[in-house]
Amino acid sequence: MITFRNVNKHYGDFHVLKDINLEINQGEVVVVIGPSGSGKSTMLRCINCLETISDGELVVGGTKVNNKHTNINDFRRDIGMVFQHFNLYPHKTVLQNITLAPIKVLGEDKAKAEETAMYYLEKVGIPDKANSYPSQLSGGQQQRVAIARGLAMKPKVMLFDEPTSALDPEMIGEVLEVMKSLAKEGMTMVVVTHEMGFAKEVANRVVFMDEGRIVEEGKPIEFFENPHEERAKVFLKRVL
Ligand code: ADP
Ligand code: MG
């Protein structure tokens, strides 16, 4: 579903991604961990063309992202993204937040889009909030709306960039639960998170990044119990 081949990226003189090689299969849940500044967000953002790569090859769902002939808008609709700060439209209701892109981008009629939105609001457990505004919701509820909004586009891949980092501790669980059920249903997911419990329980694979490189990757049980690389050991000691 996603293939990085010798991908490099620079911000000016700064070499932020170094020879990234990574293959993510359909239905796989890959959790990306690593210290702050190691390039996790940049790697995620390359997947949906929020950033361009400098060289190498990145193929998502059979489409090369660094290709002039690729229509970015067609391509992006297959990829949902959930951010740390929910990025909901404050002056639109929950329902309007979710139906906006399906109506504008997919050309769905309003009734159909609303029906789909309600389906996903049920799924994330807050159908009663359809007519509320984001400011009337807790952080955990807002993030669940953001996930429902991503799902309403029926993406092939969902990207999560520290989806629980801005939440109060008591709200982290409810968002992780939604993500877990999504994983169970077979969604292909790439998740940057500091929630090691989630990584252990849900990930098919853990990717550890440091200073722009993938330093180690493996099955969670192997990675957490027996990390090979010194930098991974040091990181795990700090976070576990
Ligand atoms: P992470 O998500 O692992 O914390 P990022 O991918 O956000 O790391 O950032 C990796 C490095 O790239 C950091 O040193 C950051 O300061 C730098 N960086 C991120 N975005 C930009 C940008 N737009 N321009 C220049 N440097 C950037
Ligand atoms: Mg980041």
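Scroll up for the structure.
Since the model is a prediction, treat every value here as computed from it, not as a measurement.

A. Local environment of the site of ligand 1. Lining the immediate surroundings of ligand 1 are Tyr11, Phe14, Val16, Pro35, Ser36, Gly37, Ser38, Gly39, Lys40, Ser41 and Thr42. Here Ser38 contributes a backbone N or O atom positioned 3.1 Å from an oxygen atom of ligand 1. If ligand 1 stood free it would expose 560 Å²; the protein chains cover 58% of that surface. Breaking the shell around ligand 1 down by element, the ones donating at least two residues are β2 (14–24) and α1 (40–47).

B. Region of the structure containing the environment of Asn8. Relative to the helices and strands, Asn8 resides in strand β1 (residues 2–11). Look at Asn8 and you get buried, because its relative accessible area is 6%. Placed 150 residues apart in sequence, Asn8 and Met158 show a C-alpha to C-alpha distance of 22 Å. When near neighbours in sequence (up to four residues on either side) are disregarded, Asn8 contacts His15, Leu17, Lys18, Asp19, Ile53, Ser54 and Asp55. From its side chain, Asn8 meets the backbone oxygen of Asn6 in a polar contact 3.5 Å long. Of note is the side chain of Asn8, whose polar atom sits 2.8 Å from the side chain of His15.

C. Region of the structure containing the packing of helix α5 (residues 139–151) against helix α6 (residues 169–184). Packing of α5 against α6 brings their axes to within 8 Å, and their N-to-C directions diverge by 20 degrees. Judged by the inter-axis angle, α5 sits roughly parallel to α6. The handedness of the crossing between α5 and α6 is right-handed. Contacts between α5 and α6 involve Gly139, Gly140, Gln141, Gln143, Arg144, Ile147 and Leu151 on the former and, on the latter, Met171, Glu174, Val175, Val178, Met179 and Leu182.

D. Structural detail: α1. With respect to burial, α1 is a largely interior element, 6 of its 8 residues being buried. Looking one or two places after α1, you find Cys49, whose phi comes out positive at around 65 degrees.

E. Layout of the nonpolar core. Ranked by size, the top nonpolar core spans 49 residues in total, and within it Ile33, Leu121, Ile147, Met158, Phe160, Met179 and Met189 carry the most contacts. For this core, the element with the most residues is α6, which contributes 8 residues. Val32, Phe75, Leu159 and Val190 belong to the second-largest nonpolar core, a separate cluster that totals 28 residues.

F. Representation of the pairing of strand β8 (residues 188–192) within the structure. The buried fraction of β8 is high, at 5 of 5 residues. Here β8 shows a buried face lined by Thr188, Val190 and Val192 and a second buried face lined by Met189 and Val191. When strand β3 (residues 29–33) meets β8, the two strands line up parallel, connected through 4 bridges. Among the inter-strand pairings, Val31 is bridged to a residue of β8, identified as Val191. Alignment of strand β7 (residues 157–161) against β8, held across 5 bridges, turns out to be parallel.

G. The arrangement of unusual backbone geometry in detail. Within the chain, Glu162 stands out as a residue other than glycine whose phi angle is a positive 45 degrees. Inspection of the secondary structure puts Glu162 in the loop between β7 and α6. On the basis of relative accessibility, which here comes to 15%, the residue Glu162 falls in the buried class. Although it is not a glycine, Glu211 adopts a positive phi angle of roughly 50 degrees. Tracing the chain through its elements places Glu211 in the loop between β9 (205–210) and β10 (213–218). For Glu211, a relative accessible area of 55% puts it in the exposed group.

How each quantity is defined
Residues numbered from 1 in each chain as written. Chains lettered and ligands numbered in written order. Predicted model: local features only at pLDDT ≥ 70, side-chain atom pairs only at ≥ 80, totals over all residues. Heavy atoms only, no water. Near = heavy atom within 4 Å. Polar contact = N/O pair within 3.5 Å; in protein donor to acceptor, adjacent residues only side chain to side chain. Areas by Shrake-Rupley, 256 points an atom, 1.4 Å probe, with all protein chains shown as cover. Helix = DSSP H or I, 4+ residues; strand = E, 2+ residues; numbered from the N terminus. Buried < 20%, exposed > 50% of the residue type's maximum accessible area, 1.4 Å probe, protein only. Contact = heavy atoms within 4.5 Å. Axes fitted to C-alpha atoms, helices over the stretch in contact; angles between N-to-C directions. Parallel < 35°, antiparallel > 145°, perpendicular 65-115°, else oblique. Left-handed = near helix turned anticlockwise from the far one by under 90°. Core = buried A, V, L, I, M, F, W, Y, C linked by side-chain atoms within 4.5 Å. Pairing = 2+ DSSP bridges.

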